[in-house]
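Here is how the chains run, residue by residue.
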Amino acid sequence: MSTMSEPVAVDAALESVVLPDSAERVMLEILIHGPLSRVELARRLGLSRPSLTRLTKPLIASGRLLEGTPRARSMGRPAQPLDLDPAAENFAGVKITVDAVHSVITDMRGAVQSEREDALDTHDPVGVAQAVARGVGALAESGTSPVALGISLGGNSADGRSVRESHFFGWRDVPFAELVEAETGLPCSVANDVNALTQAQHWFGEGRGLNDFVVVTIGAGIGLGLVAAGELVVGAHGALGSIGHQLLLWSDATCWRGHRGCASALLATEAVERTAAQKTGRDVAFADILRGAERGDPALRGVVDVAGEALGLLLANVTNTLDPQKILLAGEGARLGIVGEHAMLTAFRNATVWESVRTPIEVQPFAFNEWARGAAAMAIRSRMLRGTSAAG
Ligand SMILES: [Zn+2]
C-alpha cells in the first residue's frame, strides 16, 4: 500500500505541459473518481505533491473541494481524502425527439433529481427552443435551479452551439444553443444524442475508467459514440459514428433511404417490427418480438436471429476499425444483444480479424431518462472544462 511519504516520480517537462488547466483536471478527476487521497490524486495526474497542494489549496478555500473524514492509517497522519459536494450545482439535460421534449435535472455526478416529458408539436427552431424553456422552467420551479443546460438530438454539431444538420427536424445550420439561451438565460450547449449518451457513460456509467470504448445504440436509428485515448471524439463535423447505413447483409429489407440490407434496414426497431409483420402476418411490437423469440416462437426466433446476425457483423466492423476495450449496447432496442446473442456472437467472431482480440459486448439495461441524462452530462462537461476545448 502507498503511504503519505511515498515519492511520486514526475517528469518536469510533462508537468509543465499539464499545469495550465490542471485545476480543472483536479476537479474532473475528483468528479469522476472521487473521493481520492492526495497521494492517489497526484499519481493519477502525474503531479508532484507540492504542485498538487498548490492547486488544491484555493479550491478547498473557495469550497469547491471538500476535505473528507480522515481515514486512520497504521503509520503517519490520517489520510484526508478530497471530494466535492455533488449537490453543490445542478444541471438540466434535455433530449428532443420529433414529438417530445424529455427534461431532467441532475446533480454534478449526473444523478437524476427530477424529470418530465412534454409533447412537442412544432419543428420551428424558435418554437422548439420555447418548448425546451417551458420543460426546464417547470422542473426548476418545483425543485432546484440548474446552472447550465445541455441539449441533445438526432443531428450533428461540431461546435456545441449550432446544429449543422438534422434530418429529423429538417434543420441546417440552426444556432440552437443561442436560441435556447435567449429563452432560458442559462448557458447552453447542444450535442448529438449518441455522443451525449457516450459522455454520460464515460464519466458516470459503464465506461468509467476506460480509455477506449464505444457505445452502439439501437433504436429508431443506429448510432455509435467513441471514447478514444480517454476523450469523447466527435469528428471534424460532429458526424463521427454515423454507422446507421453500413451495408451488412444481402437482404430485401430497405431503409428510408432505399438501401437494401443496411444497418437501419435490418436493426432499427421499426425495421425489425416490419420484418416480423411480413413473417407472421400480424403487427408485433419490438418488445413482444423479443419475448416471443425467448418463448420459442419459431417465426419470431427467425426474425431475431437475422437481426442478431446483422448486429454481430456491425459490431465486428466497429471492432476491426476502432479496437475498443469494450462495446456497450444501449438504447431502447439494446436487448436484441441478449435475446439474439447466439447469432450476434457467431457473426461477430466470424467477421472479426484478430482471434486474440475478444472484445466484451455488454448490454446496458434501457432506462427511459438515459438520453436526457446524457444531455445533462454535456452541460456538466462544458462547465468542468471551461477554458479548455469542450467540443460540445
Ligand atoms: Zn440505409
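Remember, predicted model here, so these are calculated numbers, not experimental data.

Draft legend 1. Examining the overall build of the protein more closely. For the protein, the count of helices and strands is 14 helices and 14 strands. For 392 residues, the compact-globule estimate of 2.2 N^0.38 gives 21 Å, and the protein sits close to it at 23 Å. Seen along its three principal axes, the alpha-carbon backbone of the protein occupies a region of about 75 × 55 × 35 Å. Long-range pairs, those at least 24 residues apart, make up 60% of the contacts in the protein with a sequence separation of at least 6. Element-wise, carbon and sulfur atoms account for 51% of the exposed surface of the protein, whose accessible area totals about 18100 Å². Separation between the mean location of the 35 positive side-chain charges and that of the 44 negative ones in the protein comes to 6 Å.

Draft legend 2. Quick peek at the pairing of strand S8 (residues 171-174). Here strand S7 (residues 163-166) runs beside S8; their pairing, made up of 3 bridges, is antiparallel. By the bridge assignment for S8, Glu-165 is matched with Arg-172. Taking the residues that link successive antiparallel strands as the turn, the S7-S8 hairpin has 4 residues, and the phi of Gly-170 there is positive, at about 70°.

Draft legend 3. Seen up close, the sheet that holds strand S4 (residues 100-106). Ordered by their spatial adjacency, 5 strands build an open sheet running S5-S4-S3-S6-S9, and the pairing between neighbours is mixed. With one partner strand each, in any of the chains shown, strand S5 (112-119) and strand S9 (188-192) form the two edges of the open sheet. Pairwise comparison of adjacent strand axes, ignoring direction, gives a mean angle of 20° for this sheet. Here 6 bridges tie strand S3 (residues 91-96) to S4, and the two strands are oriented antiparallel to one another. Among the inter-strand pairings, Ala-92 is bridged to a residue of S4, identified as Ile-105. Most of the contacts of helix H5 (residues 125-141) go to S4, to which it runs at about 40°, and overall it touches S3, S4, S5 and strand S6 (148-153). Across the sheet, helix H14 (residues 370-384) lies against S3, S4, S5, S6 and S9, angled at about 135° from S3, the strand it touches most.

Draft legend 4. Quick look at the coordination of the zinc ion. Around the zinc ion, the protein contributes the donor atoms His-245 (ND1), Cys-255 (SG), His-259 (ND1) and Cys-262 (SG), which lie 2.0 to 2.3 Å from the metal centre. One can describe the site at the zinc ion as tetrahedral: its 4 donor atoms subtend angles covering 98 to 126° at the metal. Sequence positions of the donors to the zinc ion reduce to the motif H-x9-C-x3-H-x2-C.

Draft legend 5. How the structure looks around the pattern of salt bridges. Summed over the entire model, instances satisfying the criterion amount to 15 salt bridges. One salt bridge connects Glu-29 with Arg-44, and the closest N-O pair in it is separated by 3.0 Å. Separated by 15 residues along the polypeptide, Glu-29 in helix H2 (residues 22-33) and Arg-44 in helix H3 (residues 38-45) bring together distant segments of the chain. Here Arg-44 and Glu-40 are joined by a salt bridge, their closest N and O atoms 2.9 Å apart. With Arg-44 and Glu-40 both in helix H3 and 4 residues apart, this pair spans about one turn of that helix. The structure contains a network of salt bridges with shared partners spanning Glu-29, Glu-40, Arg-43 and Arg-44.

Draft legend 6. Here's a closer look at the side chain of Gln-364. By the secondary structure assignment, Gln-364 is in the loop between strand S14 (361-363) and H14. Relative accessible area serves as the criterion here: at 14%, Gln-364 is assigned to the buried category. Excluding residues within four positions of it along the chain, Gln-364 makes contact with Gln-201, Glu-206, Leu-328, Leu-329, Ala-330, Ala-334 and Glu-370.

Draft legend 7. Layout of the sheet that holds strand S12 (residues 231-233). What the 5 strands build is an open sheet, ordered S12-S11-S10-S13-S14; its pairing is mixed. In this open sheet, the two edge strands, each paired with only one partner strand, are S12 and S14. Going from strand to strand, the sheet's axes swing by 25° on average, the running direction of each strand aside. Strand direction decides the pairing type here: strand S11 (residues 222-228) and S12, joined by 3 bridges, are antiparallel. Paired with Leu-226 across the strands is Val-233, a residue of S12.

Draft legend 8. Inspection of the packing of aromatic side chains at higher detail. The full count for this structure, using the stated rule, is 3 aromatic pairs. For the pair Phe-169 and Trp-171, a centre-to-centre distance of 4.9 Å together with 40° between the ring planes defines the contact as tilted. By relative accessible area, which is 6% here, Phe-169 ends up buried. Ring geometry for Trp-203 versus Phe-204: centroids 6.1 Å apart, planes at 80°, classification edge-to-face. The exposure classification of Trp-203 matches that of Phe-204, with both residues buried. Every member of this aromatic cluster is reached through a ring pair, and the members are Phe-169, Trp-171 and Phe-176. Positioned above the aromatic ring of Trp-371, the side-chain terminus of Lys-95 is 4.2 Å from the ring centre.

Draft legend 9. Region of interest: unusual backbone geometry. Gly-34 connects to Pro-35 through a cis peptide bond whose omega is 0°. In this structure, Pro-35 sits in the loop between H2 and H3. In the Ramachandran plot, Ala-229 falls in the positive-phi region, its phi being about 50° despite a non-glycine side chain. As for its position among the elements, Ala-229 is in the loop between S11 and S12. In the Ramachandran plot, Asp-323 falls in the positive-phi region, its phi being about 45° despite a non-glycine side chain. A residue is classified by how much of its surface remains accessible, and Asp-323, at 49% relative accessible area, is partly exposed.

Cut-offs used in this document
- Numbers given for residues are sequential positions, taken from 1 along each chain in its written order.
- Under the rules for a predicted model, residues below a pLDDT of 70 receive no local features and side-chain atom pairs below 80 are neither given nor counted, while totals for whole chains, interfaces and linings still include all residues.
- Calculated side-chain values reflect all of the structure's heavy atoms, with hydrogen atoms and water omitted.
- In DSSP terms, a helix is any run of H or I states spanning at least four residues, a strand is any run of E spanning at least two, and both are numbered starting from the N terminus.
- Radius of gyration here uses only the C-alpha atoms, and the compact-globule reference equals 2.2 Å multiplied by the residue count raised to the power 0.38.
- When checking whether two residues touch, look at their non-hydrogen atoms; a contact exists if any pair is within 4.5 Å.
- Each accessible area value is a Shrake-Rupley result obtained with a 1.4 Å probe; residue values ignore everything except the protein chains displayed when judging cover.
- All tallies of charge rest on Lys and Arg as positive and Asp and Glu as negative; His and the ends of each chain are not included.
- Lys charges are placed at NZ, Arg charges at CZ, Asp charges at CG and Glu charges at CD.
- When DSSP finds two or more bridges between a pair of strands, those strands are recorded as paired.
- The convention used is that axes are lines fitted to C-alpha atoms, helices contributing only their stretch in contact, and that angles between N-to-C directions extend from 0 to 180 degrees.
- Donor atoms (N, O, S) are those found within 2.8 Å of the metal centre, with the cutoff raised to 3.2 Å for Na, K and Ca; water is not part of the atom list, so apparent gaps in a site can occur.
- Here a site with four donors is tetrahedral if all angles are between 85 and 135 degrees, and a site with four or six donors is square planar or octahedral if opposite donors are over 155 degrees apart and the other angles are between 65 and 115; anything else gets the irregular label.
- Salt bridge, as used here, is a side-chain nitrogen of Lys or Arg placed within 4 Å of a carboxyl oxygen of Asp or Glu.
- When accessible area is computed with a 1.4 Å probe and restricted to protein chains, residues below 20% of their type maximum are described as buried, those above 50% as exposed, and intermediate ones as partly exposed.
- Only the six-membered ring of Trp is used, alongside the rings of Phe and Tyr, when aromatic pairs are assigned; centres must lie within 6.5 Å, and planes under 30 degrees apart are stacked while those over 60 apart are edge-to-face, with the rest tilted.
- Charge over a ring is defined by NZ of Lys or CZ of Arg lying within 6 Å of the ring centre and within 35 degrees of the ring normal.

That's the geometry; what it means functionally is another story.
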